[in-house]
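Given next are the chains, with one letter for each unit.
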Amino acid sequence: VAMREEDFTTVGVWLDRLRSDGVTDLAAYLEEHDEEARRAIMGIRTTRVNAATVGLLKAPSVLAILRGFRDDELTPEVLAAFKAQFLVLWEGGSSYQADFVGVNFLNQPFECRLRWRVPRINGALDLSRVAVSMLDMTQLRATQRRLERLVADKDRFIASVSHELRTPLSAVLGLSE
């Protein structure tokens, strides 16, 4: 399981500024201000990373991850996951989970289950220590797709065999009557 700790402090400051500017519907605001959401993501600092994260992201080193998010990894699906995290914070929540497809340092897609949690200290969210885990689901999803194709192939085969058997059996039954 890939684990990382992120500092979302700048995101908290940004969300507070939006509230003071009169934004009431963050989802609508984010839809209209995609670049601002991207800037907020780029302000998130990764502070700790485990070896599984380096492996999952196929990063050249821990330092490459600690440098921050790369623009090329902010695919529409990744951007949507971050926007959902921002909405959770906006509503005062502290956890988020989603399955999504990310892009590693080699620009290869990987499927993962993201779990994101903000600790509470004395009831307040501590945005400086957001825990993020990513479970690599790539092989599992590929196996599921393969099994789904096999089941579909089996169903087509049974339907074909059933049709091929029914036709001559109907003729035999008709002649025997």
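Our subject is the structure listed above.
A. The arrangement of the packing of helix H1 (residues 9–20) against helix H3 (residues 34–42) in detail. Interaxial distance between H1 and H3 falls to 9 Å at its minimum, and their mutual angle equals 145 degrees. Here H1 contributes Val 11, Trp 14, Arg 17 and Leu 18 to the contact with H3, which in turn contributes Glu 36, Ala 37 and Ala 40. When the residues that make up the contact of H1 with H3 are grouped by side-chain class, the tally is five nonpolar, no polar and two charged.

B. The arrangement of the pairing of strand E7 (residues 130–136) in detail. Pairing of strand E1 (residues 2–7) with E7 involves five bridges; the strand directions are antiparallel. Its bridge partner being in E7, Glu 6 is matched across the sheet by Val 130. Where strand E4 (residues 109–117) meets E7, six bridges bridge the pair, whose relative direction is antiparallel. Within E7, the residue paired with Arg 113 across the bridge is Leu 135.

C. Inspection of helix H6 (residues 76–90) at higher detail. Relative to the 21 Å expected for 15 residues at 1.5 Å per residue, H6 spans 21 Å between its end C-alpha atoms, a close match to the ideal helical length. Of all the residues in H6, the buried ones are Val 78, Leu 79, Ala 81, Phe 82, Lys 83, Gln 85, Phe 86, Val 88, Leu 89 and Trp 90. Contacts made by the buried residues of H6 are with H1, helix H2 (26–32), H3, strand E3 (95–103), E4 and strand E6 (124–125). Just beyond H6, the residue with positive phi is Gly 92, at close to 85 degrees.

Cut-offs applied
Residues numbered from 1 in each chain as written. Predicted model: local features only at pLDDT ≥ 70, side-chain atom pairs only at ≥ 80, totals over all residues. Heavy atoms only, no water. Axes fitted to C-alpha atoms, helices over the stretch in contact; angles between N-to-C directions. Helix = DSSP H or I, 4+ residues; strand = E, 2+ residues; numbered from the N terminus. Contact = heavy atoms within 4.5 Å. Nonpolar A, V, L, I, M, F, W, Y, C, P; charged D, E, K, R; others polar. Pairing = 2+ DSSP bridges. Expected span 1.5 Å × (residues − 1). Buried < 20%, exposed > 50% of the residue type's maximum accessible area, 1.4 Å probe, protein only.

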